[in-house]
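# Descriptive analysis of the structure
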There are 2 protein chains.
Amino acid sequence: MRNILIRLSYNGTAYHGWQVQQNAKTVQETLQDAVEIIFNKRESITGCSRTDSGVHANEYYCTLRTENQIPCERLVNALNGNLPFDIAVLSCAEVPLEFHPRYDCKEKEYIYKIWNSEIRNPFYLNTHLHYKYQLDTEKLDKVSKQFIGTHDFTSFCAAGGSVEDKVRTVKNFSVERYGNEVIMRVSADGFLYNMVRIMVGTLLDVSSGKIDGDSIPQIIESKKRENAGVTAPAHGLYLNRVIY
Amino acid sequence: MRNILIRLSYNGTAYHGWQVQQNAKTVQETLQDAVEIIFNKRESITGCSRTDSGVHANEYYCTLRTENQIPCERLVNALNGNLPFDIAVLSCAEVPLEFHPRYDCKEKEYIYKIWNSEIRNPFYLNTHLHYKYQLDTEKLDKVSKQFIGTHDFTSFCAAGGSVEDKVRTVKNFSVERYGNEVIMRVSADGFLYNMVRIMVGTLLDVSSGKIDGDSIPQIIESKKRENAGVTAPAHGLYLNRVIY
């Protein structure tokens, strides 16, 4: 048995997230279909993270367990030749059998892309949140630093998750402007369900004045989802980097 | 009668170019439809340039002749509210009645976007040419300078155009690399039919060795389309700037 680590990138617009589900196209299933065409056999693929419907990945990892002896370099080309344009395999490498793409992950980085202009950008329909009101990115960058540290992030977790332990360590958070494009960037040892989208939505609510910029520590402390801001839409969110 | 200059941007993927034609969706017609909804009257719109099917515009200008007295700022919002996402009106301004968006244009700049990596970028299906073989952009930048100057560009004009005078002045040409993204940029007082796409295709043929990098002056001199390179695909091309 071999354990092959696959690094990929995908535009999530057409997918109901990563994880296989009934009656909906997902990235995992599309990848398993491509593997089945190449190996003539259905193989098991394990992802590093669930992603929501419409969420993108600049970098995503999964493992493929197989008896097939195809060299890794040939597998990259074979997969790309059998996948649709919106999923690209970047590289493949053999890893020890005990390697697990989710449990062995040390850190993940997400970015959230915003087109911050009164007028929409016709190229960014599915890739950026269009936010019309001027964001004070210097202020939001300062506010975002309050997320950094080891906290119980219950206030920033959507209902419906099954995870008990909601303590996570946010290592970095930044808000940067490049012209009309605003990039929010956050890294942590792990994330709760919708955690990044709620943190981004909270920063947008700080910008609009609905939430006080100094109150992030109290919101965290309260452990109440209703004290945090809205859940920002999925289509601005990208899993950007996974560190093992 | 007022003459309103409209500055817009569009993602050309879903359109058969700018110019109205039978049985095909175009940007001009889509804009005229939006104006008709707002004014309750069909008005005439004149563009600064034809663009091919699938070609994009970061900046495009057209004029709208109307008796309607709507203020320009309100017109911007009304148009954006009645246009699909892939067309955005950036600004409107009243200009003299004799102003013509095509004839009064002094200079246009096009850019051509290439994703230069063996592996495709899942976000760039309709916005970049995917070119797998490594482009030597420093060399191509030098080669591209041979296009600069006042020349008869018959060799870089597709058959079927009705224009007699094929002399144009190319003011600048550059080839720049940003990681795996390569941007070719060319400005001129005017362009012939498919001229930018044939110049880009010729540079790609120089890169692959099909065309000698020093032979551009001879290709121009020959006035024979068959001596130039292929016509690069439409979807990497953007009208980027129009100067009056």
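Nothing here was measured: the structure is a model prediction, and the numbers come from that model. (Residues numbered from 1 in each chain as written. Chains lettered and ligands numbered in written order. Predicted model: local features only at pLDDT ≥ 70, side-chain atom pairs only at ≥ 80, totals over all residues. Heavy atoms only, no water.)

### With respect to the interface of chain B and chain A
Listed per partner, the contact involves 27 residues of chain B and 27 residues of chain A. In total, chain B and chain A occlude about 1900 Å² of area from one another, counting both sides; carbon and sulfur atoms represent 67% of this. When residues of chain B are sorted by the area they lose upon contact with chain A, F85(B), R120(B) and F123(B) head the list and together hold 43% of the total. Applying the counting rule to chain B against chain A returns 0 salt bridges. Scanning the region where chain B abuts chain A turns up 10 residue pairs in polar contact (both at pLDDT 80 or more). (Contact = heavy atoms within 4.5 Å. Buried area = accessible area lost by both parts, 1.4 Å probe. Salt bridge = Lys/Arg side-chain N within 4 Å of Asp/Glu carboxyl O. Polar contact = N/O pair within 3.5 Å; in protein donor to acceptor, adjacent residues only side chain to side chain.)

### Comments concerning the domain arrangement of chain A
Residues and elements named next belong to chain A. Along its sequence, chain A is carved into domain 1 (2-95) and domain 2 (107-243). Each of domain 1 and domain 2 has a C-alpha centre, and the two are 27 Å apart. Taken together, the contact between domain 1 and domain 2 spans 13 residues of the former and 16 residues of the latter. Across the domain 1/domain 2 interface, buried area totals approximately 1200 Å², and carbon plus sulfur atoms make up 50% of it. Taken together, the links from domain 1 to domain 2 amount to 1 salt bridge. Residues D52 and R197 are paired through a salt bridge, measuring 2.8 Å at the closest nitrogen-oxygen approach. Put simply, domain 1 and domain 2 have 10 residue pairs in polar contact (both at pLDDT 80 or more) between them. Across the side of domain 1 that touches domain 2, the residue classes tally to 5 nonpolar, 6 polar and 2 charged. (Domains from an automatic or database assignment. Nonpolar A, V, L, I, M, F, W, Y, C, P; charged D, E, K, R; others polar.)

### Digging into the packing of aromatic side chains
Centre distance and the angle of the planes are the two values used to describe a pair of aromatic rings. Residue and element names in this part refer to chain B. A full pass over the atoms with the stated rule returns 22 aromatic pairs over all chains. Taking 5.2 Å as the distance between ring centres and 80° as the angle between the ring planes, the aromatic pair formed by Y61 and Y244 counts as edge-to-face. Of this pair, Y61 sits in strand β3 (residues 56-66) while Y244 is found in the segment after β10 (237-243), placing the two residues 183 residues apart along the sequence. Y61 sits in the buried class, given a relative accessible area of 13%. (Phe/Tyr/Trp six-rings, centres within 6.5 Å; stacked < 30°, edge-to-face > 60°. Helix = DSSP H or I, 4+ residues; strand = E, 2+ residues; numbered from the N terminus. Buried < 20%, exposed > 50% of the residue type's maximum accessible area, 1.4 Å probe, protein only.)

### Quick notes on the layout of surface pockets
Roughly 1400 Å³ of internal volume is contained in the largest pocket. Counting residues per element, the ones that place at least two in the lining of the largest pocket are β5 (107-115), β9 (181-188) and β10 (237-243) of chain A together with β1 (2-10), β5 (107-116), β9 (181-188) and β10 of chain B. Along the lines of polarity and charge, the residues of the lining of the largest pocket split into 21 nonpolar, 20 polar and 9 charged. Considered as a void within the structure, the second largest pocket measures approximately 1100 Å³ in volume. Along the wall of the second largest pocket there are 37 residues; nearest its centre are S49(B), R50(B), R102(B), F191(B) and Y193(B). (1 Å grid on protein atoms, 1.4 Å probe; cavity = no way out; pocket = protein on both sides within 12 Å on 5 of 7 lines; lining within 4 Å. Points joined across faces, edges and corners; volume = space filled by probe spheres on them.)

### Observations regarding the pattern of salt bridges
Under the definition given, this model contains 24 salt bridges over all chains. Each of E109(A), E176(A), R185(A) and R241(A) takes part in a single network of salt bridges with overlapping partners.

### Focus on the side chain of E59(A)
All names here are of chain A. Relative to the helices and strands, E59 is located in strand β3 (residues 56-66). Using a relative accessible area of 11% as the deciding quantity, one classes E59 as buried. A distance of 3.0 Å separates a polar atom in the side chain of E59 from a polar atom in the side chain of R7.

### Let's talk about helix α2 (residues 72-82) of chain B
Residues and elements named next belong to chain B. Regarding α2, the residues found buried are C72, L75, V76, L79 and N80. Taken around the axis of α2, the buried residues stretch over an arc of 125°, which confines them to a single face. For α2, the exposed residues set more than 90 degrees away from the buried face come down to E73, R74 and G81. (Arc of directions from axis to C-beta.)

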